[in-house]
Amino acid sequence: MNQKQGILLINLGTPATPEPQSVRRYLRTFLGDKRVITLSPILWRPILELFILPRRPYTSAEMYQSIWSAEYGSPLEYYTKRQAELLQKKCPEAKVRYAFSYSDPQLTTALAAFAAEEVTDLTLIPLYPQYSTTTVGSVSDEVMRFYQGKNYQPNLKML
């Protein structure tokens, strides 16, 4: 069988734009993850929807606007994409992609692309400074949900 290698760099994510509406969508997804906020959804959802999302996107948008580049957009997306491009040059035998847990390009989209290419060995590299159930644990959950019930699953390695 012909071996096909894939490498997936995974980061947290970023709003699509530094505007409050985009930040709100991002925060709803991020703060809606049960690994990030472990409070019961029955208690947490009203707090999120009634108190956090009506206010926090405006202050967060101001902070994003202060670091957003007119040329490159989100610094996190720019540097994550750049890391993938440089790693691709160092590992030409593998297909290198990047994905985000809470924004585009989504983790499941990248996994589907590797499946379409019939990648046999996939190395997942969460780009977090340390292990945490709120970061790496959440990535692991999403990867396992993606492959659950599918006939295809590559050999997975998570660094």
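As shown above, the structure is provided for reference.
**Student:** Requested: an account of the sheet that holds strand 1 (residues 5-11), with residues and values cited.
**Tutor:** If you walk across this open sheet you meet the 4 strands as 2-1-3-4, and the pairing is parallel. Taken across any chain shown, the strands that pair with only one partner, and hence form the sheet edges, are strand 2 (94-100) and strand 4 (155-158). Each strand axis lies, on average, 20° off the axis of its neighbour in the sheet, ignoring direction. With 7 bridges connecting them, strand 1 and strand 2 associate as parallel partners. By the bridge assignment, Ile7 is partnered in strand 2 with Val96.

**Student:** Give a detailed account of the environment of Ala112, specifying residues and quantitative values.
**Tutor:** Mapping Ala112 onto the fold places it in helix 5 (residues 107-116). Residues Ala112 and Phe146 lie 34 residues apart in sequence; the distance between their C-alpha atoms is 8.6 Å.

**Student:** Got a sec to walk through the side chain of Arg97? Specific residues and values, please.
**Tutor:** One can find Arg97 in strand 2. Taking relative accessible area as the criterion, Arg97 reaches 18% and is therefore assigned buried. Every residue in contact with Arg97, bar those within four places of it in the chain, is listed here: Ile7, Leu8, Leu9, Ala84, Ala110, Ala113, Phe114 and Glu117.

**Student:** Talk me through a nonpolar patch on the surface; I want residue IDs and the actual numbers.
**Tutor:** Together, Leu39, Leu43, Ile47, Leu50 and Phe51 make up a nonpolar patch on the protein surface, roughly 480 Å² of accessible area in all. Checked against the element boundaries, Leu43 lands in helix 2 (residues 41-52). Judged by relative accessible area, which is 52%, Leu43 ranks as exposed.

Here is what the cut-offs are and how they apply
Residues numbered from 1 in each chain as written. Predicted model: local features only at pLDDT ≥ 70, side-chain atom pairs only at ≥ 80, totals over all residues. Heavy atoms only, no water. Pairing = 2+ DSSP bridges. Helix = DSSP H or I, 4+ residues; strand = E, 2+ residues; numbered from the N terminus. Axes fitted to C-alpha atoms, helices over the stretch in contact; angles between N-to-C directions. Buried < 20%, exposed > 50% of the residue type's maximum accessible area, 1.4 Å probe, protein only. Contact = heavy atoms within 4.5 Å. Patch = residues over 30% accessible without salt bridge, like charges linked within 9 Å, V, L, I, M, F, W, Y side chains within 5 Å. Areas by Shrake-Rupley, 256 points an atom, 1.4 Å probe, with all protein chains shown as cover. Salt bridge = Lys/Arg side-chain N within 4 Å of Asp/Glu carboxyl O.

Just geometry here; none of it tells us what the structure is for.
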